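# Breakdown of the fold
The primary structure of each chain is shown beneath.
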Amino acid sequence: MADTALPMNIGAEDHARLRRRKRRRTELARHAALALITFVMVAPFYYVFLASLKNATEIFSYPPKLVPFPPYFGNYEKLLWDTGFLRWMFNSLFVAGSVTTLKIFLDSMAGYALAKIEMTGKRVIFMAMLILLMVPIGALIVPLWSLVSGLGLIDSYWALILPPLANPLGAILMRQFILGLPKDLESAARLDGLSELGIYWRIVLPLIKPGLVVLAVIIFTDQFMSFIWPLIATTSDDLQVLTVGVAALRAHGGANYGIWSASAVMSLIPVGVFFFVLQRQFLARSLAGALKQ
Amino acid sequence: MATAELANGVTRLRLSPGEHRRLARRARLRRELTGWMFLGPMFSFFLVFLVLPVCGTAWWSSRAGSIFGGTKFVGLDNFTSLPGVVGAGSAIANTMIFAGISVPLILVGALAVALLLAKIVHGGAVYRFLVYFPVLVPGVVAALIWLFLTNVDFGLFNTVLKAFGAMPVTWLGADHALVVLAILDVWRNVGYWAMFFVAAIIGLPTELYQAAELDGASPFARFRHLTLPLMRRIIFFAVIVSTIWGLQVFDTALVLTNGGPGTATTTVIYRVWLFVFASNNKIGTAAAISLVLIVAILALTLVQMRVLRSRRGIE
């Protein structure tokens, strides 16, 4: 490079400096573009947060105040003490936590069988899982409702926790993860007379721990965000999960922008906290899509 | 077989063929049992709450009546009468338009963000965090947030318009509601696919890019003739999966627009829900539309598996 530049009277050093400067300029342009995009993505959150700190007349005033001072906490007080919000939040966390815990074991065991144990019908089952992977619960509400109500489980925590366990994504991911483990450890353990259960528990589970955390994050957030099944599976106020309760705030009792904004802000807190702590695993959610192939 | 030999390593030489077969059979049986012990629990939930409901949808689609009891067999009537059922056709049309608007915007936007993110040297983590955050917002909450953006009087969109001296727009009116709903979906999903693409871009072979740069290929040419072809499969996968997701839109339509104005934003799953729980005696029709949706999703899944199998796929 430097040699070809010489005839044009540009020294190697100049050339390098020019390139560096150009690179810095494109980096700057990229930052500007990204800053603009993220600003647009984040602005809605700030606007709602702003509204949640305004009283009813301030929300409607134009031009809007862009700094919420003095803040008004009435919306949050009403949301927390006059609605079932805290109960909804508890229900959501409880259901999502239960589903996640159960799925971690069910899926890692199923993944182990699919990856390591020679058994008849394994291929057929795995194919069925791949094919039905994308069928959403929303398309199944008719038979699912009649099934769960036939079991006498409608309007119970069981109705919220059991159907999501059917999702095959976790088993498929865990199979992939376990297939990727080195064979030596496992065969050594087998020679030492460790049972399949022992291999699963003492060798495989510790090795796939990072995968389990990613899986837990996927299941927990999907469960926390789920809406249509909890909407139809429960009827009593005490069993409403967060999404259902928040939708009910919107549907009943007329327009109440103050409470709506406060509930939107409060709903984001648990996910926001988890995301902040487990960023890496959350971003791997997207990669799970690639693994899914 | 190997197991049988190992377990009986000492007596192996004196093993008669019959005995050998018996031992091999027993070892196999044990392996099968262990396999089912591991797979069984998850598989039973899969069977009861996924396979059975999919078949159940087909069964319900041949019946007429209410979900609360008293249905009778009507054959294929639910399908033949589907075009004439009020709301069914518009629900399918709305859903397809919705996916048709949101999917291309999501993927083009995600690709653009990913190209920017993959190349920057400093501060990537902050952008990633912020771009991804809307992905983690439940649909119901996202719709609630968008009520504050689209409100005619004090919404963010009209506030910005007014600041530039433009006329305020009725964002959730019949003309715009479906588009706004699609844009909401873009906001919620761009981050997801952007991260997906970033991972793919980082994995691309750098030598090819260095060679192209030495040959004087412009950034656009590199994108057009290297990045796009190399990411063909990844993009194809994203198109299929995001389309499948787009076909499922429900919660944002319920909370943001109530399916309206009129039926402007009543989507397939929304309509199914209405048929089942709001208007009685439409259970068969609800199942029939659900089945149409399921078949569409299965078809997309199979196309995706077929096309992508040649390289990674199923061992």
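Residues numbered from 1 in each chain as written. Chains lettered and ligands numbered in written order. Predicted model: local features only at pLDDT ≥ 70, side-chain atom pairs only at ≥ 80, totals over all residues.

### What about the overall build of chain A?
Stated precisely, the cut-off is as follows: Numbered from the N terminus, helices here are DSSP runs of H or I no shorter than four residues, and strands are runs of E no shorter than two. Here the globule rule is a power law, 2.2 Å times the number of residues to the power 0.38, and the radius of gyration is based on C-alpha atoms. Working definition of burial: number of other C-beta atoms within 10 Å of the residue's own, with buried at 20 or more, exposed at 12 or fewer, and partly exposed in between, all C-beta atoms being placed from the backbone.
Looking only at helices and strands, one finds 16 helices and 0 strands in chain A. Relative to the 2.2 N^0.38 estimate, which gives 19 Å for 293 residues, the radius of gyration of chain A is 26 Å and therefore markedly larger than a compact globule would have. Each principal axis of the C-alpha distribution contributes one length, and for chain A these read about 80 × 70 × 30 Å. Classification of the 293 residues of chain A by burial places 42% in the buried group.

### Considerations on the overall build of chain B
The condition that has to hold: Two residues form a contact once the distance between their C-beta atoms, set from the backbone, is within 7 Å.
Scanning chain B from N- to C-terminus turns up 14 helices and 2 strands. Dimensions along the principal axes, computed over C-alpha positions, put chain B at roughly 100 × 75 × 30 Å. Counting only residues that meet the buried cut, chain B has 41% of its 315 residues in that class. Taking all contacts inside chain B whose residues are at least 6 apart in sequence as the whole, residues at least 24 apart take part in 69%.

### Here we look at the packing of helix H2 (residues 12-52) of chain A against helix H15 (residues 257-277) of chain A
Residue and element names in this part refer to chain A. Basically, it comes down to this: Axis definition: a line fitted to C-alpha atoms, over the contacting stretch in the case of helices. Angles run 0 to 180 degrees between N-to-C directions. Convention used here: angles under 35 degrees read as roughly parallel, angles over 145 as roughly antiparallel, angles from 65 to 115 as roughly perpendicular, and any remaining angle as oblique. Crossings are sorted by hand: turned counterclockwise from the far helix by less than a right angle, the near helix makes the crossing left-handed, and turned clockwise it makes it right-handed. In this classification, the charged set is Asp, Glu, Lys and Arg, the nonpolar set is Ala, Val, Leu, Ile, Met, Phe, Trp, Tyr, Cys and Pro, and all remaining amino acids, among them Gly, are polar.
The geometry of H2 relative to H15 is characterised by a closest axis approach of 8 Å and an angle of 125° between their N-to-C directions. In terms of axis orientation, H2 runs oblique to H15. Crossing handedness for the pair H2 and H15: left-handed. Residues Val48, Phe49, Ala51 and Ser52 of H2 form the contact with H15, whose participating residues are Tyr257, Ser261, Ala262, Ala264 and Val265. Classifying every residue of the contact of H2 with H15 gives 7 nonpolar, 2 polar and no charged.

### Let's talk about the environment of A:Ile172
Residue and element names in this part refer to chain A. Relative to the assigned elements, Ile172 resides in helix H9 (residues 169-179). According to the C-beta neighbour criterion, Ile172 is buried, with 21 such atoms within 10 Å. With 39 residues separating them in the primary sequence, Ile172 and Leu133 have C-alpha atoms 9.1 Å apart.

### Here we look at the interface of chain B and chain A
It is common to report an interface's size as the accessible area lost on association of the parts. Each partner contributes to the interface: chain B provides 83 residues, whereas chain A provides 81 residues. No other element matches the 20 residues that helix H2 (residues 17-60) of chain B contributes to the side of chain B that touches chain A.

### A few points about unusual backbone geometry
Even without glycine at this site, A:Asp155 takes up a positive phi of about 65°. In this fold, A:Asp155 is placed in the loop between helix H7 (141-150) and helix H8 (157-161). On the neighbour-count criterion, A:Asp155 (16 C-beta atoms within 10 Å) is partly exposed. Unlike most non-glycine residues, B:Asn258 shows phi in positive territory, near 55°.

### Focus: the pairing of strand E1 (residues 63-66) of chain B
Residues and elements named next belong to chain B. Definition in use: Should DSSP find at least two bridges between two strands, the strands are taken to pair.
Both E1 and strand E2 (residues 69-73) contribute to a ladder of 3 bridges, which runs antiparallel. The partner of Ala64 across the bridge, within E2, is Lys72. Counting the residues in the hairpin turn of E1 and E2 gives 2 residues.

### Comments concerning helix H6 (residues 139-150) of chain B
Residue and element names in this part refer to chain B. Filter applied, for reference: Multiplying 1.5 Å by the helix residue count minus one yields the expected span of that helix.
Between the first and last C-alpha of H6 there are 16 Å, a value that for 12 residues agrees with the 16 Å anticipated at 1.5 Å per step. The buried fraction of H6 amounts to 12 of the 12 residues, a majority that puts the element mostly inside the structure. The set of residues buried in H6 consists of Gly139, Val140, Val141, Ala142, Ala143, Leu144, Ile145, Trp146, Leu147, Phe148, Leu149 and Thr150.

### Structural notes on the packing of H6(B) against helix H8 (residues 177-202) of chain B
All names here are of chain B. Two elements in contact, H6 and H8, have axes whose closest approach is 11 Å; the angle formed by their N-to-C orientations is 120°. With respect to each other, H6 and H8 are oriented oblique. As H6 packs across H8, the resulting crossing turns out to be right-handed. Packed against H6, whose contacting residues are Ala142, Ala143, Trp146 and Thr150, the element H8 presents Val180, Leu184 and Arg188 at the interface.

### A word on the confidence of the model for chain B
Low pLDDT marks stretches whose predicted atomic positions should not be read closely. Heads up, the rule is: Residue-level confidence of the predictor is what pLDDT reports, using numbers from 0 through 100.
Looking at chain B, the pLDDT average stands at 87 and 93% of residues meet or exceed 70. Per the prediction output, this complex has pTM 0.87; the corresponding ipTM is 0.87.

### Considerations on H9(A)
Judged by how many residues are buried, H9(A) sits mostly within the fold: 9 of 11 residues are covered. A:Leu169, A:Gly170, A:Ala171, A:Ile172, A:Leu173, A:Met174, A:Arg175, A:Phe177 and A:Ile178 are the residues of H9(A) that are buried.

### Some thoughts on the confidence of the model for chain A
Averaged over every residue, the pLDDT of chain A is 86; the share at 70 or more is 94%. Under a pLDDT of 50 for its full length, residues 1-6 of chain A has, in the predicted model, 4 contacts with residues more than four places off or in other chains.

### With respect to the environment of B:Ala212
With respect to the element layout, B:Ala212 can be found in helix H9 (residues 206-214). Residues contacting B:Ala212, with those up to four places away along its chain left out, are B:Ala217, B:Arg222 and B:Leu226.

### Looking at the environment of B:Leu208
Structurally, B:Leu208 can be placed in helix H9. In this structure the C-alpha to C-alpha distance between B:Leu208 and B:Ser290, which are 82 residues apart in sequence, comes to 47 Å.

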